[in-house]
Amino acid sequence: MENLIFGCRNFPVLRNSRMDDWIRLFNAETEEDLQMIKTKNAGVQKAKYVIQEMSMTESLRDAVECYRKKKMDRKSEEAYVCDQGKEAGGQIGRERGIEI
């Protein structure tokens, strides 16, 4: 695998191909190079994400993880509140004789 990765630097860049996305990923040397890779290739997007996450400092990685957890908790809380509101609204409607 090592020879393949380092050997990619010698390949010409193929325009608009899936292989081009991987070659550009392997040739990226800086964070800016990674950010410039715009692709719909799910594998390359995941690899970019993993590389960026691995290059973070531990404290930054912890902060990002905390942010993601808060975001997931907020979505769960919103869904719960929405369900509770629907249930309460349905109960009030039934009490008033309104069919839902």
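Residues numbered from 1 in each chain as written. Predicted model: local features only at pLDDT ≥ 70, side-chain atom pairs only at ≥ 80, totals over all residues. Heavy atoms only, no water.

## Re the packing of helix H2 (residues 18-27) against helix H4 (residues 42-54)
Part 1: As a packed pair, H2 and H4 sit with axes 10 Å apart at the nearest point and diverge in direction by 10°. Here H2 is positioned roughly parallel relative to H4, judged by the angle of their axes. Along this stretch, H2 crosses H4, giving a crossing that reads as left-handed. Contacts between H2 and H4 pair Asp21, Trp22 and Leu25 from the former with Gly43, Val44, Ala47, Lys48 and Ile51 from the latter.
Part 2: Grouping the constituent residues of the contact of H2 with H4 by class yields five nonpolar, one polar and two charged. (Axes fitted to C-alpha atoms, helices over the stretch in contact; angles between N-to-C directions. Helix = DSSP H or I, 4+ residues; strand = E, 2+ residues; numbered from the N terminus. Parallel < 35°, antiparallel > 145°, perpendicular 65-115°, else oblique. Left-handed = near helix turned anticlockwise from the far one by under 90°. Contact = heavy atoms within 4.5 Å. Nonpolar A, V, L, I, M, F, W, Y, C, P; charged D, E, K, R; others polar.)

## Remarks on the pattern of salt bridges
Part 1: Evaluation of the coordinates by the stated rule reveals six salt bridges.
Part 2: Among the salt bridges present, the one from Arg74 reaches Glu77, with a minimum N-O distance of 3.1 Å. Remark: Glu77 and Arg74 occur in helix H5 (residues 58-95); sequence separation between them is three residues, near one turn of the helix.
Part 3: Taken together, the shared-partner salt bridges connect Asp20, Asp21 and Arg24 into one network. (Salt bridge = Lys/Arg side-chain N within 4 Å of Asp/Glu carboxyl O.)

## Points about a nonpolar patch on the surface
Part 1: Residues Tyr49, Val50 and Met54 make up a contiguous nonpolar surface patch of roughly 290 Å² in combined accessible area.
Part 2: Within the fold, Tyr49 resides in helix H4. (Patch = residues over 30% accessible without salt bridge, like charges linked within 9 Å, V, L, I, M, F, W, Y side chains within 5 Å. Areas by Shrake-Rupley, 256 points an atom, 1.4 Å probe, with all protein chains shown as cover.)

## Observations regarding the confidence of the model for the protein
Part 1: Summing up the model confidence of the protein, the mean pLDDT is 79 and the portion of residues at 70 or higher is 82%.
Part 2: At the low end of the mean pLDDT range in the protein sits helix H1 (residues 2-7), at 45; at the high end sits H5, at 90. (pLDDT = per-residue confidence, 0-100.)

## Quick word on the side chain of Asp21
Part 1: Tracing the sequence through the fold places Asp21 in helix H2.
Part 2: Accessibility expressed as a relative area gives 9% for Asp21, which makes it buried.
Part 3: Leave out the neighbours within four places in its chain, and Asp21 touches Thr39, Asn41 and Val44. (Buried < 20%, exposed > 50% of the residue type's maximum accessible area, 1.4 Å probe, protein only.)

## Regarding the nonpolar core
Part 1: Formed by Leu25, Leu34, Ile37, Val44 and Ala47, the largest nonpolar core amounts to five residues.
Part 2: Residues contacting Leu25, with those up to four places away along its chain left out, are Leu34, Ile37, Ala47, Lys48 and Ile51. (Core = buried A, V, L, I, M, F, W, Y, C linked by side-chain atoms within 4.5 Å.)

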